[in-house]
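Descriptive structure summary
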Amino acid sequence: MKLYDWINERIDLDSAVKFATKKQVPVFYGTVWYYLGGVSLFLFIVQVFTGILLILYYQPGATTAFESVKFIVSKVSFGWLIREIHSWSANLFILFIFLHMFTVYFAKAYRKPREITWYSGFILLLLAMFFGFSGYLLPWNELAFFATKVGSDIAGAVPIVGDFLLKLLRSGDEVSGATLTRFYGIHVAVLPLVFTLLLGLHLMFVQLQGMSVPPEQENLPHDKRKYMPFFPNFATRDLLLWLIVLNVIALLAVFFPWELGQKADALASAPAGIKPEWYFMFMFQTLKLIPAHVWFIEGELFGIMMFAIAGLIWFLVPFLDKKANQGKRSLFWKFVGIFAIVFIAGMTIWGYSV
Amino acid sequence: MKHLIQLLFFICLSVSWVITASSDDSDGCIACHQIIDEDRDDDEKIMTHIMEDVHFQKGLSCSDCHGGNPNAGDDEDEAMWDVDDFVGAVDKKDQPRFCGKCHSDPEYMRQYSAHIKTDQESQYWTSHHGQKLTENDEHVAVCTDCHGVHGIYPIKDPRSLVYHMNVPTTCKRCHSDKDIMANSGLPTDQFDKYKSSVHGTALFDKKDIGAPACNDCHGNHGAMPPTILSISDICGTCHANNAELFKGSHLREIFIKENIKLCEGCHNHHDILKPTDEALNWSENETCSHCHSDGQDKANRLAGTLFNIIDSLNNKIEEAIETVDLAENKGMEVSELFFSLEDAHKNLIQTRTSIHSFNEEFVRKTSEDGYKAADAAIIGAEQALTEFGFRKKGLIVFSLILTFFVIVLYLKLKSMENK
């Protein structure tokens with residue numbers, strides 16, 4: 001306690017503890033969904049730590065990247081574990097962000113006054129997906145190389161700025177060593193900086209505004225609403241769940257390791273069945289199904305425009321869902337959410353079954 | 001009536017202009033033969049084929065081979081029969097000399113390629129075909145039988161009758177025909193045997209143009225059946241190590257003494273099958289017992305020993321593959337071990353080749369590197385499996401520690417909430 005006192009004298013820890021113990025977390029049937037954001041945060045922390053350890057040995061470059069990852073997993077003590085945890089937690093990170101987003105959506109937590117929290121969360125999801133996209137190429141293996149080629153091709157089909165985007169991503173006309181170096185820079189410097197700042201903002205809003213409850217709960221009389229203190233009750237539960245998630249990651253790392261595969265060869269033909277990462281699969285599968293031309297628009301361009309419009313609508317839900325701001329539920333937006341889940345899940349399953 | 005006559009005259013004039021315009025003005029042979037071709041079956045049309053012919057493509061025309069006067073117009077006598085150097089359809093016995101006029105002239109042929117050969121005719125006369133033709137036996141192949149008549153393509157053109165993939169089918173046209181081969185004393189089953197052989201399968205089924213066709217063993221223009229001694233040189237062109245090892249073995253002298261063709265004695269000729277290790281298995285295979293029919297102990301023992309060396313190396317490699325696969329399926333990084341497996345497999349091929357020395361010590365020594373490579377793969381894979389075991393144990397310990405903390409936290413939480 002001497003240390004606490006020593007620090008407290010200097011930076012007033014008491015007020016922070018007071019804030020944490022005073023902070024109340026609503027208790028109701030949906031309390032469980034509050035943990036998803038916390039798990040996403042935990043996975044991001046895991047990513048940062050394992051990512052820093054990987055940087056110590058990883059060497060970007062077309063002639064060194066694959067070899068250095070191979071060295072990490074085969075020669076460096078516990079290198080395999082660090083790489084597996086990084087890969088698995090990256091996937092779980094995006095999965096939990098998706099789950100967190102949908103629970104927030106159905107709880108109508110985006111309604112006034114939490115619109116900015118929703119906007120920042122949505123951008124964090126996009127950044128997380130870009131984290132995954134840029135990190136996937138770094139081992140410089142065959143699958144990653146061609147998946148990046150296909151992925152950046154799609155970016156190249158965007159009207160007006162497509163060509164610029166493609167060259168910006170690839171650092172040239174083709175996926176090459178220059179692309180790898182660029183992705184590495186984005187993955188370990190640009191994205192962590194932007195993501196951390198935005199995450200800080202997102203968390204600050206959550207702390208300042210407190211936990212949101214669905215409209216039905218909000219409309220209950222005060223005496224019928226239950227709460228638990230954030231610290232230590234909710235924080236202990238959070239920690240408990242984080243430990244379980246860590247154990248699951250360790251289990252996946254040992255029994256379901258990610259294959260390194262063959263080194264990328266720009267001159268080789270693309271292997272059969274090239275697929276993007278699972279979180280891009282629903283878009284990839286949809287683009288595959290769209291005919292070559294829809295009216296007078298090129299099919300791929302039409303698909304990209306549809307996804308852009310859908311993404312924009314999703315982003316602007318707090319603005320569009322007028323009923324939510326009045327503390328009511330809108331059937332239309334409920335069905336939009338259900339449709340989004342069914343569409344994403346259906347297309348993903350379809351994509352993997354063909 | 002006057003208008004009708006004028007109309008008919010105009011039509012005739014137009015038709016004759018169209019005919020003249022559609023033919024090559026500079027070559028009367030082509031102009032007439034195009035008209036003659038109209039009444040012929042497709043495969044007999046001279047002009048259809050000649051347009052794609054390599055000679056025509058290089059700028060030669062009918063008169064360059066057949067003589068005559070291509071500028072004589074419609075007069076057949078003036079174009080052909082009254083011209084001294086005119087040669088119509090060429091007699092079979094004159095065919096080699098007919099083509100040889102140009103193809104045996106280095107100065108003339110040099111204009112088409114600096115490396116072009118001009119010994120085809122002279123080689124031909126030394127061939128079995130050429131010798132028989134000299135004896136007025138016309139049941140033999142001449143230039144046109146193999147290369148075609150007016151539709152001759154360069155040998156690297158897949159449409160050519162002598163393009164590598166097409167050679168066996170071209171030779172088959174005569175050599176599998178019982179009527180043509182009736183007086184030759186030769187069998188007619190070579191093609192069928194070749195087709196199912198290791199070489200035929202490679203050429204026809206795998207489309208491997210590196211696989212030998214008839215001409216690779218028998219020669220092209222100087223085609224002859226190989227003699228006892230020349231066989232090892234012919235096979236040794238591709239199978240150099242096997243031929244060299246056999247050359248140094250004690251069996252070579254015995255084969256020559258017993259009048260057994262060197263490679264053919266064990267491997268046959270047109271029906272050469274893919275050799276298997278089982279060929280050395282005395283009890284189940286007749287390869288050795290053709291000559292060693294009395295079950296001589298020494299030969300029997302040697303074959304058995306060689307079989308065991310190869311078989312045990314094979315088993316060792318299979319064990320290595322299984323162990324590496326097992327480690328790989330556990331998700332371990334074992335890509336470097338595949339280099340050892342590749343080395344072991346290369347050595348297995350070398351060991352199989354080394355049996356042509358019929359020297360137990362040499363074969364055993366050759367196989368040593370294969371065992372070393374396979375052992376290295378097994379050791380590496382076992383280390384990977386041990387590492388996997390360590391990871392599993394580590395996971396159990398880690399899970400137990402985490403579970404302990406989870407339980408402690410849970411109990412703490414419960415006691416906290418009960419207060």
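Residues numbered from 1 in each chain as written. Chains lettered and ligands numbered in written order. Predicted model: local features only at pLDDT ≥ 70, side-chain atom pairs only at ≥ 80, totals over all residues. Heavy atoms only, no water.

For the rest of this paragraph, the subject is the overall build of chain B. Helix and strand counts for chain B stand at 23 helices and 0 strands. Seen along its three principal axes, the alpha-carbon backbone of chain B occupies a region of about 130 × 85 × 40 Å. In chain B, which comprises 419 residues, the share counted as buried stands at 32%. Long-range pairs, those at least 24 residues apart, make up 55% of the contacts in chain B with a sequence separation of at least 6. For chain B, the exposed surface amounts to about 26,500 Å²; the carbon and sulfur share of it is 56%. (Helix = DSSP H or I, 4+ residues; strand = E, 2+ residues; numbered from the N terminus. Buried < 20%, exposed > 50% of the residue type's maximum accessible area, 1.4 Å probe, protein only. Contact = heavy atoms within 4.5 Å. Areas by Shrake-Rupley, 256 points an atom, 1.4 Å probe, with all protein chains shown as cover.)

Moving on to the overall build of chain A. Looking only at helices and strands, chain A has 16 helices and 4 strands in total. Computed over the C-alpha atoms, the radius of gyration of chain A is 22 Å, within 12% of the 20 Å expected from 2.2 N^0.38 for a compact globule of 354 residues. For chain A, the spread of C-alpha atoms along the three principal axes comes to 70 × 60 × 35 Å. The buried share of chain A, taken over its 354 residues, is 45%. Carbon together with sulfur atoms contributes 72% to the accessible area of chain A, which is approximately 18,700 Å² in total. Each charge class in chain A was averaged separately, 28 positive and 22 negative side chains, and the resulting centres sit 9 Å apart. (Rg over C-alpha atoms; globule rule 2.2 N^0.38 Å. Lys, Arg positive; Asp, Glu negative; His and termini not counted. Charge placed at Lys NZ, Arg CZ, Asp CG, Glu CD.)

We now examine the interface of chain B and chain A. The partner chain A presents 22 residues to the 22 residues of chain B that form the contact. Here chain B and chain A share an interface that buries about 1,900 Å² over both sides, 74% of which is from carbon and sulfur atoms. For the interface between chain B and chain A, the tally reads 2 salt bridges. B:Glu417 is the partner of A:Arg237 in a salt bridge, and the nearest nitrogen-oxygen pair spans 2.6 Å. The interface formed by chain B and chain A includes 4 residue pairs in polar contact (both at pLDDT 80 or more). Within the side of chain B that touches chain A, the residues separate by chemical class into 11 nonpolar, 4 polar and 7 charged. (Buried area = accessible area lost by both parts, 1.4 Å probe. Salt bridge = Lys/Arg side-chain N within 4 Å of Asp/Glu carboxyl O. Polar contact = N/O pair within 3.5 Å; in protein donor to acceptor, adjacent residues only side chain to side chain. Nonpolar A, V, L, I, M, F, W, Y, C, P; charged D, E, K, R; others polar.)

Okay, the pattern of salt bridges next. Under the defined criterion, the tally for this structure stands at 24 salt bridges over all chains. One salt bridge in this structure joins A:Lys75 and B:Glu336, with 3.9 Å as the shortest N-O distance. Of this pair, A:Lys75 sits in the loop between α4 (65-74) and α5 (79-106) while B:Glu336 sits in the loop between α21 (297-329) and α22 (337-354), each in a different chain. By relative accessible area, which is 45% here, B:Glu336 ends up partly exposed. When the shortest N-O distance is used, the salt bridge between A:Asp163 and A:Lys167 registers 3.8 Å.

Moving on: the domain arrangement of chain B. Residue and element names in this part refer to chain B. What the domain assignment lists for chain B is domain 1 (1-88), domain 2 (91-225), domain 3 (226-273) and domain 4 (297-418). One C-alpha centre belongs to domain 2, the other to domain 3; they are set 25 Å apart. Taken together, the 12 residues of domain 2 in the interface contact 8 residues of domain 3. The junction of domain 2 with domain 3 conceals about 880 Å² of combined surface from both sides, 64% of it contributed by carbon and sulfur atoms. Our count for the contact surface shared by domain 2 and domain 3 stands at 0 salt bridges. For the interface between domain 2 and domain 3, the tally reads 2 residue pairs in polar contact (both at pLDDT 80 or more). Looking at the side of domain 2 that touches domain 3, the elements with two or more residues in it are α14 (190-196), α15 (198-205) and α16 (214-218). (Domains from an automatic or database assignment.)

With that settled, consider a nonpolar patch on the surface. Residue and element names in this part refer to chain A. Where nonpolar side chains cluster on the molecular surface, the patch consists of Met305, Met306, Ile309, Ile313, Phe319 and Leu320 and spans about 500 Å² of accessible area. Those elements that place two or more of their residues in the nonpolar patch are α13 (299-315) and α14 (317-320). With 4 residues, α13 is the single largest residue contributor to the nonpolar patch. Relative to the elements of secondary structure, Ile309 occurs in helix α13. The partly exposed category is assigned to Ile309, whose relative accessible area is 44%. (Patch = residues over 30% accessible without salt bridge, like charges linked within 9 Å, V, L, I, M, F, W, Y side chains within 5 Å.)

Turning our attention to the nonpolar core. Membership of the largest hydrophobic core comes to 67 residues, with the highest contact counts inside it found for A:Leu43, A:Tyr58, A:Phe98, A:Trp140, A:Phe195 and A:Trp314. With 13 residues, the top contributor of residues to this core is α5(A). Setting aside anything within four residues of it in sequence, one finds A:Phe195 in contact with A:Phe44, A:Phe93, A:Leu124, A:Leu127, A:Ala128 and A:Phe131. In this structure, A:Trp80, B:Val324, B:Ala327 and B:Leu341 belong to the second largest nonpolar core, which totals 30 residues. (Core = buried A, V, L, I, M, F, W, Y, C linked by side-chain atoms within 4.5 Å.)

Residues and elements named next belong to chain A. In a regular helix each residue adds 1.5 Å, so 28 residues correspond to 40 Å; α5 covers 41 Å between its end C-alpha atoms and thus fits that length. Along α5, 22 of the 28 residues are buried, which leaves the element largely enclosed by surrounding structure. Positive backbone phi, at 60°, marks Lys108, one or two positions downstream of α5. (Expected span 1.5 Å × (residues − 1).)

This part takes up the packing of helix α6 (residues 115-137) of chain A against α13(A). Residues and elements named next belong to chain A. Where α6 meets α13, the axes come as close as 10 Å, and the angle between the chain directions of the two elements is 145°. Contacts from Trp118, Tyr119, Phe122 and Ile123 in α6 reach Gly311, Trp314 and Phe315 in α13. Class assignment of the residues belonging to the contact of α6 with α13 gives a composition of 6 nonpolar, 1 polar and no charged. (Axes fitted to C-alpha atoms, helices over the stretch in contact; angles between N-to-C directions.)

Between two aromatic rings, the relevant description is the distance of the centres plus the angle of the planes. Residues and elements named next belong to chain A. A full pass over the atoms with the stated rule returns 43 aromatic pairs over all chains. Seen in terms of ring centroids, Tyr119 and Phe315 are 4.8 Å apart; in terms of plane orientation they differ by 35°. Their pairing is tilted. Remark: Phe315 occurs in helix α13 and Tyr119 occurs in helix α6; sequence separation between them is 196 residues. Judged by relative accessible area, Tyr119 falls into the partly exposed class, the value being 22%. One residue, Lys23, lies across the ring of Phe230, its end atom 5.2 Å from the ring centre. A cation sits over an aromatic face here: Lys322 above Phe319, 4.6 Å from the ring centre. (Phe/Tyr/Trp six-rings, centres within 6.5 Å; stacked < 30°, edge-to-face > 60°. Lys NZ or Arg CZ within 6 Å of the ring centre and 35° of its normal.)

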